[in-house]
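Take a look at the letters that make up each chain.
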Amino acid sequence: MFLNAGDTFYTTTTLEEIPFDKYPDTDIFYGETMIVDEKGYQLGLRQKKLPHNLEWKHFKNGMVVCHQSILVKREMAPLFNLNYKLSSDVEWVLKCLKKSKQTVFTHSIIANFLTGGATHQRHSESLGERFQIMKENFGLFTTLLAHAKFAVAELLRKIGLLNNYRKNKVY
């Protein structure tokens, strides 16, 4: 796994709480992500509810799980594609999930994600990279449809009909 500058584990015992011994053949463990602001205030969990059996195809509608909350067996983890300056995490997660034979949802919060990073600051460039990655993995039509849904959701957030975050309830 990797954490960006400013991101942290949810608690000091996060790694101890992940059931590695119970599921020794698991390729990927994943969990929830708490969004925090620059003062460390918890804003809530990511809006998207996590699937209980994560597969790469779940990403056709966007980044379902934050890379900060995904733990991948070392031998499965590819190098980052440095052609993507802001969204290489998306491609990295997709590659890992395509190779994975077993994923386990931890039903816990794994990481704190600090808002306002480089992807946020260079949002348009990031979206362009994500579009390219999605197009390569899901095709043009599926990617266009997904981005239309993103645009509608963003509009609903702006007018207050859709929340940015979920309450701190882990499913």
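The following refers to the structure shown. Sequence order as written defines residue numbering, which begins from 1 separately in each chain. For a predicted model such as this one, the threshold for reporting local features is a pLDDT of at least 70, and the threshold for listing and counting side-chain atom pairs is 80 or more; totals across whole chains, interfaces and linings nevertheless cover every residue. The side-chain quantities take in all heavy atoms of the structure and omit both hydrogens and water.

**Some details on the packing of aromatic side chains**
Moving on, step 1. Only rings of Phe, Tyr and Trp enter the pairing, Trp through its six-membered ring, and a pair is recorded when the two centres are within 6.5 Å. The plane angle decides the type: under 30 degrees is stacked, over 60 is edge-to-face, the rest tilted. Throughout the structure, instances matching the rule amount to six aromatic pairs.
Moving on, step 2. Judged by centre distance (5.4 Å) and plane angle (80°), the rings of Phe2 and Trp92 are edge-to-face. You can see Phe2 sitting in the segment before β1 (8–9) and its partner Trp92 sitting in helix α2 (residues 88–99), a full 90 residues away along the chain. As far as the burial class goes, Phe2 and Trp92 line up, both buried.
Moving on, step 3. Ring centres of Trp56 and Phe138 lie 5.3 Å apart, and the angle between their planes is 20°; this geometry places the pair in the stacked category. Secondary structure follows DSSP: runs of H or I at least 4 residues long count as helices, runs of E at least 2 residues long count as strands, and numbering of each begins at the N terminus. Throughout this description, buried means an accessible area under 20% of the type-specific maximum (1.4 Å probe, protein chains only), exposed means over 50%, and partly exposed covers the range between.

**Topic: the state of the cysteines**
Moving on, step 1. Any two cysteine sulfur atoms lying within 2.5 Å of each other are counted as a disulfide. Taken as a whole and assessed by the stated rule, the structure comprises zero disulfides.
Moving on, step 2. Not part of a disulfide, Cys66 finds its nearest cysteine sulfur in Cys96, a span of 15 Å.
Moving on, step 3. By relative accessible area, which is 9% here, Cys66 ends up buried.

**Some remarks on helix α4 (residues 123–138)**
Moving on, step 1. A helix is expected to span 1.5 Å for every residue after the first. An ideal rise of 1.5 Å per residue puts 22 Å on 16 residues; α4 measures up with 22 Å between its terminal C-alpha atoms.
Moving on, step 2. Inspection of α4 places Ser126, Glu129, Ile133, Met134, Asn137 and Phe138 among the buried residues, and these make up the whole buried set. Seen from one end, α4 has its buried residues packed into an arc of 140°, which puts them on one side.
Moving on, step 3. Gly139 sits one or two residues past α4 and shows a positive phi near 95°. By definition, the arc is the one covered by directions from the helix axis to the C-beta atoms.

**Brief notes about a nonpolar patch on the surface**
Moving on, step 1. Each patch is assembled from residues with relative accessible area greater than 30% and no salt bridge, linking like charges that lie within 9 Å and nonpolar side chains (Val, Leu, Ile, Met, Phe, Trp, Tyr) that lie within 5 Å. For the accessible areas, the method is Shrake-Rupley and the probe is 1.4 Å, while residue cover comes only from the protein chains on display. Counted as salt bridges are all cases of a side-chain nitrogen of Lys or Arg within 4 Å of a carboxyl oxygen of Asp or Glu. A contiguous nonpolar patch, built from Met1, Leu3, Leu15 and Phe20 and spanning about 300 Å² of accessible area, is present on the exposed surface.
Moving on, step 2. The class for Leu3 is partly exposed, based on a relative accessible area of 32%.

**So, the environment of Ile109**
Moving on, step 1. With respect to the secondary-structure elements, Ile109 resides in strand β5 (residues 103–114).
Moving on, step 2. For Ile109, a relative accessible area of 10% translates into the label buried.
Moving on, step 3. Remark: the alpha-carbon pair of Ile109 and Leu54, spanning 55 residues in sequence, is separated by 16 Å.

**As for the packing of α4 against helix α5 (residues 140–158)**
Moving on, step 1. Interaxial angle, 0 to 180 degrees, is taken between N-to-C directions of lines fitted to C-alpha atoms, where a helix line uses only the stretch in contact. One way to put it is that α4 packs onto α5 with a least axis distance of 7 Å and a crossing angle of 140°. Here α5 runs oblique to α4, going by the angle between their axes. Crossing of α4 over α5 shows right-handed handedness. On α5, the residues that touch Leu127, Phe131, Met134, Lys135 and Phe138 of α4 are Leu140, Thr142, Thr143, Leu144, Ala146, His147 and Phe150. Each angle gets one of four labels, with under 35 degrees taken as roughly parallel, over 145 as roughly antiparallel, 65 to 115 as roughly perpendicular, and the rest as oblique. Whether a crossing is left-handed or right-handed is set by the direction in which the near helix is turned from the far one by less than a right angle, anticlockwise for left-handed and clockwise for right-handed. What makes two residues a contact is simply this: any of their non-hydrogen atoms within 4.5 Å.

**Looking at unusual backbone geometry**
Moving on, step 1. Even without being glycine, His107 reaches a positive phi, approximately 55°.
Moving on, step 2. Mapped onto the elements of the fold, His107 is located in strand β5.

**So, the packing of α2 against α4**
Moving on, step 1. Between α2 and α4, the least distance of the axes is 9 Å, while the angle of their chain directions is 20°. Taken together, the axes of α2 and α4 lie roughly parallel to each other. Each of Asp89, Val90, Glu91, Leu94 and Lys98 in α2 lies in contact with α4, whose residues at this interface are Arg130, Ile133, Glu136, Asn137 and Phe138.
Moving on, step 2. The nonpolar class holds Ala, Val, Leu, Ile, Met, Phe, Trp, Tyr, Cys and Pro. Asp, Glu, Lys and Arg form the charged class, and all remaining residues, Gly among them, are polar. In terms of residue class, the contact of α2 with α4 is made up of four nonpolar, one polar and five charged.

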